[in-house]
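Close look at the chain arrangement
Residues per chain are reported as follows:
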Amino acid sequence: SHMKYLIGANFKMYKSHKDLQEYFDQFVNNYACFVNIDLMIAPMTVCLGTASEMTKDSCVHLGAQNMHYEDQGAYTGETSPLILKELGAEYVIIGHSERRQYFGETNQMINKKLKSALQHGIRPILCIGENLEQKELGISKETLKIQLREALQGIDTLDQIDVAYEPVRAIGTGKSATPEEVQDIHEYIRSVLGNEKSRIIYGGSVNDTNADILIAQPAVNGFLIGSASLDPQKFLKILDVVSKKNK
Ligand code: PEP
């Protein structure tokens, strides 16, 4: 197909304004836009405005790591999709496992966030993934199906959503899922989605040594990367690997 790969960097709660300046000094200057990759970087929300300045005239698309589903209201400490747009976010990560685990995000909240992002023209990256217990019980696929069904309920523009498969045991642990597992699960997710246009990307300890074998799996349409994206040289290496693949 002619689908572009999606490579996303999730900076989580790392990188101050000064760190971002140093990062983009190395990164944007070295980065030759890759015709087969959509590149998304998600810094901390408060840094989105300055990150927009730092990346203007580059091929970097910005994303947020989370958002509220209402446009405005009495929601102390939350972030409106309207302000994300003003600050230059084109993507938003929704339902990351850390948000599910530490901030009580449910599939129902995630469903509202997806609908709101779509309504505002912010492209959501929906994160799903089974935890270790579910894997060991042999209910990985069942878990993923429930996450997809509940998160996507009532949404008919699936082609405007990308999905990140992130097995919880693999996030930030250095223990990526195997290429075979990833291929199998991505094929399954594609069959549940029943649409050919969403990118199904893998996340979980992707680095500059395993990116090659993972991207070689035909059902892998890109990556969501935490730790390895924090180092611009490592991240550039991964982009270089993906830029040499053709799908
Ligand atoms: C993530 O947080 O989405 C992620 C995949 O992190 P890491 O690459 O560090 O496993």
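Look up a bit, the structure's there.
Quick look at the structure, then. (Residues numbered from 1 in each chain as written. Predicted model: local features only at pLDDT ≥ 70, side-chain atom pairs only at ≥ 80, totals over all residues. Heavy atoms only, no water.)

**Digging into the pattern of salt bridges**
Counted under the stated rule, the structure contains 16 salt bridges. With its nearest N and O atoms 2.8 Å apart, the salt bridge here joins Glu-98 to Lys-12. One end of the pair, Glu-98, is in helix H4 (residues 97-102); the other, Lys-12, is in the loop between strand E1 (5-10) and helix H1 (17-30), and 86 residues separate them in sequence. Taking the relative accessible area as the measure of exposure, Lys-12 reaches 18% and is therefore buried. Close ionic contact of Arg-99 with Glu-105 constitutes a salt bridge, the shortest N to O distance being 2.8 Å. Here the two residues Arg-99 and Glu-105 agree in accessibility, since each one is buried. Each member of the salt-bridge network shares a partner with another, and the members are Lys-4, Asp-38, Arg-123, Asp-162 and Arg-199. (Salt bridge = Lys/Arg side-chain N within 4 Å of Asp/Glu carboxyl O. Helix = DSSP H or I, 4+ residues; strand = E, 2+ residues; numbered from the N terminus. Buried < 20%, exposed > 50% of the residue type's maximum accessible area, 1.4 Å probe, protein only.)

**Considering the side chain of Ser-205**
With respect to the helices and strands, the residue Ser-205 is situated in the loop between strand E7 (200-203) and helix H9 (211-215). Reaching out from Ser-205, the side chain makes a polar contact with the backbone oxygen of Ala-170 at a distance of 2.6 Å. There is a polar contact of 3.4 Å between the side chain of Ser-205 and the backbone nitrogen of Lys-175. Here Ser-205 is in contact with Ala-170, Gly-172, Thr-173, Gly-174, Lys-175, Ser-176 and Asn-210, once residues within four sequence places are set aside. (Polar contact = N/O pair within 3.5 Å; in protein donor to acceptor, adjacent residues only side chain to side chain. Contact = heavy atoms within 4.5 Å.)

**Concerning helix H2 (residues 48-55)**
Along H2, the residues classified as buried are Leu-48, Ala-51, Ser-52, Met-54 and Thr-55. Viewed end-on, H2 has its buried residues packed into an arc of 165°, placing them on one side of the element. Downstream of H2 by one or two residues, Asp-57 has phi in the positive range, about 65°. (Arc of directions from axis to C-beta.)

**Here's the deal with the site of the ligand**
With respect to spatial proximity, 14 residues lie near the ligand, and among them Lys-12, Glu-166, Gly-172, Ser-205 and Ser-227 are the closest. Note that an oxygen atom of the ligand is positioned 3.5 Å from one of the side-chain N or O atoms of Asn-10. Take Lys-12: an N or O atom from its side chain is 2.7 Å from an oxygen atom of the ligand. Against a free-state accessible area of 290 Å², the protein chains account for coverage of 99% of the ligand. Looking at the shell around the ligand residue by residue, the class counts come to 4 nonpolar, 8 polar and 2 charged. (Near = heavy atom within 4 Å. Areas by Shrake-Rupley, 256 points an atom, 1.4 Å probe, with all protein chains shown as cover. Nonpolar A, V, L, I, M, F, W, Y, C, P; charged D, E, K, R; others polar.)

**A closer look at the nonpolar core**
Among the nonpolar cores identified, the biggest contains 62 residues, and Phe-27, Ile-41, Phe-223 and Phe-235 are the most heavily contacted of them. Excluding its chain neighbours within four sequence positions, the residues that come into contact with Phe-27 are Leu-39, Ile-41, Val-60, Pro-232, Phe-235, Leu-236 and Leu-239. Grouped together as the second largest cluster of nonpolar side chains are 10 residues, Met-40, Tyr-91, Ile-93 and Ile-201 included. (Core = buried A, V, L, I, M, F, W, Y, C linked by side-chain atoms within 4.5 Å.)

**A short note on the layout of surface pockets**
Taken as a whole, the largest pocket encloses approximately 430 Å³ of empty space. What lines the largest pocket is a set of 14 residues, and nearest its centre among them are Lys-12, Met-13, Gln-65, Arg-99 and Phe-103. In terms of residue count, H4 provides more of the lining of the largest pocket than any other element does, 3 residues in total. (1 Å grid on protein atoms, 1.4 Å probe; cavity = no way out; pocket = protein on both sides within 12 Å on 5 of 7 lines; lining within 4 Å. Points joined across faces, edges and corners; volume = space filled by probe spheres on them.)

**Observations regarding the environment of Glu-90**
Note on placement: Glu-90 falls in strand E4 (residues 89-94). Excluding residues that lie within four positions of it along the chain, Glu-90 makes contacts with His-61, Leu-62, Gly-121, Ile-122 and Arg-123.

**Considerations on the environment of Gly-204**
Positionally, Gly-204 belongs in the loop between E7 and H9. With residues near it in sequence (within four places) discarded, Gly-204 still touches Glu-166, Ala-170, Ile-171, Ser-176 and Leu-224.

**Some words on the packing of aromatic side chains**
Within this structure, the stated rule accounts for 5 aromatic pairs. Judged by centre distance (5.0 Å) and plane angle (75°), the ring pair of Phe-11 and Tyr-23 falls under edge-to-face. Remark: Tyr-23 occurs in helix H1 and Phe-11 occurs in the loop between E1 and H1; sequence separation between them is 12 residues. Judged by relative accessible area, which is 0%, Phe-11 ranks as buried. Connected via pairs of aromatic rings, a cluster forms that spans Phe-11, Tyr-23, Phe-24, Phe-27 and Phe-235. (Phe/Tyr/Trp six-rings, centres within 6.5 Å; stacked < 30°, edge-to-face > 60°.)

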